[in-house]
Amino acid sequence: MSLTRRLFSAAAMTAVLAVSACGGSGDAPSAGQTSFERAGDRGLGSPDAPVTMIEYASVACGHCATFHNEVWPMLESDYIETGQVRFVLREMITGPAQFAIAGFSLAHCVPEDRYYDMVDLLFQQQNAIFQAAQTQGSARNQYLAIARSMGMSEADFTQCLSDETITQDILDANDRAGAEGITGTPRFIFNGELLDSRRAPGESAYTYFLGSEQLIIDGEPVPNFSDAETFRRILDHLIAENTDAAMPAADDGAESGEE
């Protein structure tokens, strides 16, 4: 996964995202959302979680599929389901556009509480979809099988993929992401700050930055890896930071038994 190719400078991108991640005019979070979300975001996990993780991704992006197949199971079971992380996926059209739009259209057409189930299935089946397109000349049957496995009929499937309103919603989400400075996928924002990879002054290796600051854990910069262990380190660090920050200062008098 390359997190270094971008058209905006890191400083400009951070400034844009600091505003957009929390929503602009008319984008105030709804009830049950965190302050880092905006109206229309599909959140997964507790809104009281100390860390909100936003991913810009495409179901037709190979690097996104690698992340979801290799890192997502750990993220879901150890952090989202335990109430430590609130997760939001924001849709982009990267990879073959027709596959990104078809996949996200199906995710829009299942019940709201099955959205992430459909996205997960699309990532799992991404290679099969691409292979079907190459060997059979069409991936329609592969998509239809996925839709049926989620309870959709062929009529539902056909209607879903021809729904212009859904297609426009996906295009609008992609355009907005581009306007916010997101030029590739996957990209991640933690509590309103962009996770980026670049060289620190005087260093030759690429390491992670969160916002404008180099990410330091246990006294060491975090290397630009996108495996489960690296994301576990990052999440544990951010959870500890934000949990400590939310705790009230100890009352010395109470600790000593004084009134």
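Residues numbered from 1 in each chain as written. Predicted model: local features only at pLDDT ≥ 70, side-chain atom pairs only at ≥ 80, totals over all residues. Heavy atoms only, no water.

Peer 1: Sorry, what's going on with the overall build of the chain here?
Peer 2: Along its length, the chain carries 11 helices and 9 strands. About 12,500 Å² of surface is accessible on the chain, with carbon and sulfur atoms providing 49% of the total. (Helix = DSSP H or I, 4+ residues; strand = E, 2+ residues; numbered from the N terminus. Areas by Shrake-Rupley, 256 points an atom, 1.4 Å probe, with all protein chains shown as cover.)

Peer 1: Which parts of the structure should I look at to understand the packing of aromatic side chains?
Peer 2: Both the distance between ring centres and the angle between the ring planes are used here to describe each pair of aromatic rings. Applying the stated criterion to the full structure yields 8 aromatic pairs. Considering the side-chain rings of Y115 and Y116, the 5.1 Å spacing of their centres and the 90° angle between planes classify their relative orientation as edge-to-face. Through successive ring pairs, a cluster of aromatic residues spans W72, F87, Y115 and Y116. (Phe/Tyr/Trp six-rings, centres within 6.5 Å; stacked < 30°, edge-to-face > 60°.)

Peer 1: Even after reading the chapter, I still don't get the nonpolar core, so can you show me in this structure?
Peer 2: Within soluble globular proteins, side chains that are nonpolar generally end up buried alongside one another. Ranked by internal contacts, the top residues of the largest apolar core, which has 59 residues, are M53, L75, V85, Y143, F190, L195 and F231. Beyond its immediate chain neighbours, meaning those up to four positions away, M53 contacts F67, L75, V85, R86, F87, V88, F188, I189, F190 and F231. M92, A177, I182 and I189 belong to the second largest nonpolar core, which has 8 residues in total. (Core = buried A, V, L, I, M, F, W, Y, C linked by side-chain atoms within 4.5 Å. Buried < 20%, exposed > 50% of the residue type's maximum accessible area, 1.4 Å probe, protein only. Contact = heavy atoms within 4.5 Å.)

Peer 1: Just to check I follow, could you spell out the environment of Y143 for this structure?
Peer 2: With respect to the element layout, Y143 can be found in helix 7 (residues 140–149). The buried category is assigned to Y143, whose relative accessible area is 6%. Sequence separation of Y143 and F99 is 44 residues, and the distance between their C-alpha atoms is 9.5 Å. Dropping the residues within four chain positions of it, Y143 is found in contact with F99, A102, G103, L106, L122, I129 and F157. At 3.2 Å, the side chain of Y143 forms a polar contact with the backbone oxygen of F99. (Polar contact = N/O pair within 3.5 Å; in protein donor to acceptor, adjacent residues only side chain to side chain.)

Peer 1: Is there a simple way to explain helix 6 (residues 126–135) in this structure?
Peer 2: Because the α-helix completes a turn every 3.6 residues, residues three or four places apart line up on one side. Burial in helix 6 covers these residues: Q126, I129 and A132. For helix 6, the angular spread of buried residues about the axis comes to 130°, placing them on one side. Exposed and facing more than 90 degrees away from the buried side of helix 6 are N127, Q131, Q134 and T135. Those residues of helix 6 that are buried are in contact with helix 2 (62–70), helix 4 (97–109), helix 5 (115–124) and helix 7. Looking one or two places after helix 6, you find G137, whose phi comes out positive at around 80°. (Arc of directions from axis to C-beta.)

Peer 1: Honestly, unusual backbone geometry in this entry has me stumped. Any pointers?
Peer 2: Negative phi values dominate among residues other than glycine, just as trans dominates among peptide bonds. P186 follows T185 through a cis peptide bond whose omega is -5°. Among the secondary structure elements, P186 is positioned in the loop between helix 9 (164–179) and strand 4 (187–190). Despite not being glycine, N191 shows a phi value in the positive range, around 50°. Among the structural elements, N191 can be located in the loop between strand 4 and strand 5 (193–199).

Peer 1: Where do I start with the side chain of R86 in this structure?
Peer 2: Looking at where R86 falls in the secondary structure, it is placed in strand 3 (residues 85–91). Judged by its relative accessible area of 7%, R86 is buried. Within the structure, the side chain of R86 is placed 2.5 Å from the backbone oxygen of G45, a separation counted as a polar contact.

Peer 1: How should I be thinking about the pairing of strand 6 (residues 206–210) in this particular structure?
Peer 2: On any regular strand, side chains alternate: one points to one face of the sheet, the next to the other face. Counting buried residues in strand 6 gives 4 out of 5 residues, a clear majority hidden from the surface. One ladder, built from 5 bridges, connects strand 5 with strand 6; its direction is antiparallel. Directly across from S197, in strand 6, lies its bridge partner Y208. Linking strand 5 to strand 6, which pair antiparallel, is a turn of 6 residues; within it G202 sits at a positive phi near 80°. Summarising the sheet, strand 6 and strand 7 (residues 213–214) pair through 2 bridges and their orientation is antiparallel. In the sheet register, L210 faces strand 7, and the bridge partner there is E213. (Pairing = 2+ DSSP bridges.)

Peer 1: What should I look at first to understand the state of the cysteines in this one?
Peer 2: Each disulfide is one covalent bond, formed between the sulfur atoms of two cysteines. Per the stated rule, a full pass over the model turns up 1 disulfide. A disulfide bridge connects C109 with C160, and the sulfur atoms are separated by 2.1 Å. On the S-S bond that ties C109 to C160, the torsion sits near 100°, and the link is right-handed. In this pair, C109 is assigned in helix 4 and C160 in helix 8 (residues 154–161), connecting sequence segments 51 residues apart. (Disulfide = S-S within 2.5 Å.)

Peer 1: Looking at this structure, I do not really get the sheet that holds strand 1 (residues 43–44). What am I missing?
Peer 2: As a general point, the strands of a sheet are linked pairwise by backbone hydrogen bonds and lie either parallel or antiparallel. Within the open sheet, the 7 strands sit side by side as 1-3-2-4-5-6-7. Their pairing is mixed. Each of the sheet's edge strands pairs with one partner strand only, and the pair in question is strand 1 and strand 7. The pairing of strand 2 (residues 51–57) with strand 4 spans 4 bridges and is classified as antiparallel. Paired with Y56 across the strands is R187, a residue of strand 4. Contacting strand 1, strand 2 and strand 3, helix 3 (residues 72–80) runs over the sheet at an angle of about 140° to strand 3. (Axes fitted to C-alpha atoms, helices over the stretch in contact; angles between N-to-C directions.)

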